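Descriptive analysis of the structure
Spelled out, the chains give:
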Amino acid sequence: MLRDLVNGVQHLGIPVWDMEQAAAWYEQKLGFERMQEKSVFYPVRLDILFLRLHDLIIALYKPAAHLLPALQKRGNGVIDHFAIDAPDFRACAERVYKRGAMLHASTPKGCVLYDHIGEKGVRGVNFEGPSGEVVELCHDYNHPYGSETGLQGWSHLAVKVTDLKVSLPFYEKLGFDKTMSGYLDTPKGRMQIVFVTNHGFTLELIQVTEADRQELKDRGEGRLDHIALDVKDARAAFFLCKSQGFLVTDTSLNELPLFEHGVRYFTILGPDGEKIQLNEKKTW
Ligand SMILES: [Fe+2]
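Presented here is a report on the structure given in the accompanying data block.

About the criteria used
Residues numbered from 1 in each chain as written. Predicted model: local features only at pLDDT ≥ 70, side-chain atom pairs only at ≥ 80, totals over all residues. Heavy atoms only, no water. Salt bridge = Lys/Arg side-chain N within 4 Å of Asp/Glu carboxyl O. Buried < 20%, exposed > 50% of the residue type's maximum accessible area, 1.4 Å probe, protein only. Donors = N, O, S within 2.8 Å, 3.2 Å for Na, K, Ca; no water. Tetrahedral: all angles 85-135°; square planar, octahedral: opposite > 155°, others 65-115°. Helix = DSSP H or I, 4+ residues; strand = E, 2+ residues; numbered from the N terminus. Pairing = 2+ DSSP bridges. Polar contact = N/O pair within 3.5 Å; in protein donor to acceptor, adjacent residues only side chain to side chain. Contact = heavy atoms within 4.5 Å. Arc of directions from axis to C-beta.

So, the pattern of salt bridges
In total, this model carries 20 salt bridges according to the counting rule given. Across the salt bridge formed by K165 and D163, the nearest N and O atoms sit 3.9 Å from each other. For K165, a relative accessible area of 70% corresponds to the exposed category.

Written as structure tokens, this is what we have:
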């Protein structure tokens, strides 16, 4: 089964137009560390830099110059934001703010309590990343942190969806299990929220309001471009996805010389067009 091949999340792909500026932002404001820097040909040159904060790996990549104008015009996409766990939330948020990160327009007053998420609620604050992506710091009161302090890595990645009845079974097929749910009331109506988890990696599926469905459909590829799931066997996953009716956008497997021995991957689309790579790290 496809779900048996998925080992959680491998990385989150973020297109940037100024690699050094973007990398410095993640290093200096949030404490990410450089893992690997590479230029690959895909089929044109693509500079790529992996940064890590505990289990959260982001892949910043700078596409070829002629693709940059389109990239800079991108708004927020279906993959809406990503969140970093912050047990001592106020201290972390203040530190990031003092280092000069700007609050994102979605949380203009800073910290927000989402009291209908899970049984105990979640606190969050959104910052604007260096290429316009939304980076949340998050404290989940449903999660026991013990005595941890400082930023902990992956909290969740939020994907906006039009219909949870479609998206939940889709992610379940990929090996995610529902762990928590809730809702958020907005002036336009209620947004239902479901959290799904695979190997400790959580996705937040947010069903937009009726009024916002068209806006979501009109969103193109966003500032957060793709999410890469780690799979044991990309070839087996490729044929399973094809035979099970997933929307596979590649005609064959791709290979790139990333990580130690290279990766083998292909891309599928989620119900709302979100790009999901199934990515196998080659071991030899
Ligand atoms: Fe979130």
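Description of the coordination of the iron ion
The expected angle between donors at a tetrahedral four-coordinate metal is 109.5 degrees. At an octahedral six-coordinate metal it is 90 or 180 degrees. At 2.2 to 2.6 Å from the iron ion lie its protein donor atoms, namely H81 (NE2), E136 (OE), H156 (NE2) and E204 (OE). Bound by four donor atoms, the iron ion shows angles of 79 to 169 degrees at the metal and therefore irregular coordination geometry. In the primary structure, the donors to the iron ion are separated according to the pattern H-x54-E-x19-H-x47-E. Note that E136 is positioned in strand β9 (residues 134-140) and H156 in strand β10 (residues 154-161), a separation of 20 residues in sequence. Looking at E136, the relative accessible area reads 4%, which means it is buried.

So, the environment of A105
Mapping A105 onto the fold places it in the loop between β6 (102-103) and β7 (112-114). The class for A105 is exposed, based on a relative accessible area of 66%.

Let's talk about unusual backbone geometry
The backbone of H54 shows a phi angle near 50 degrees, a positive value even though the residue is not glycine. Note on H54: relative accessible area 47%, which makes it partly exposed.

Digging into the pairing of strand β14 (residues 226-231)
With six of its six residues buried, β14 lies for the most part within the structure. In β14, alternate side chains face the same way, and those of H226, A228 and D230 on one face and I227, L229 and V231 on the other are all buried. In terms of strand pairing, strand β1 (residues 6-15) meets β14 through five bridges, oriented antiparallel. Paired with G13 across the strands is H226, a residue of β14.

Side note on the side chain of N279
Mapping N279 onto the fold places it in strand β18 (residues 275-281). Only 3.3 Å separates the side chain of N279 from the side chain of Q10, close enough to count as a polar contact. In this structure N279 touches Q10, H11, A228, L229, D230, V231, V263, R264 and Y265, once residues within four positions along its chain are discounted.

A short note on helix α5 (residues 164-173)
Within the sequence span of α5, burial applies to L164, S167, L168, F170 and Y171. Projection of α5 onto a plane perpendicular to its axis shows the buried side chains occupying an angular sector of 160 degrees, all on one side. Considering only its buried residues, α5 is in contact with β10, β11 (177-186), β12 (189-198), β13 (201-207), β17 (263-269) and β18. Measuring from the backbone nitrogen of K165 back to the side-chain oxygen at the start of α5 gives 3.0 Å, which picks out D163 as the cap. Positive phi shows up at G175, right after α5, with a value of about 100 degrees.

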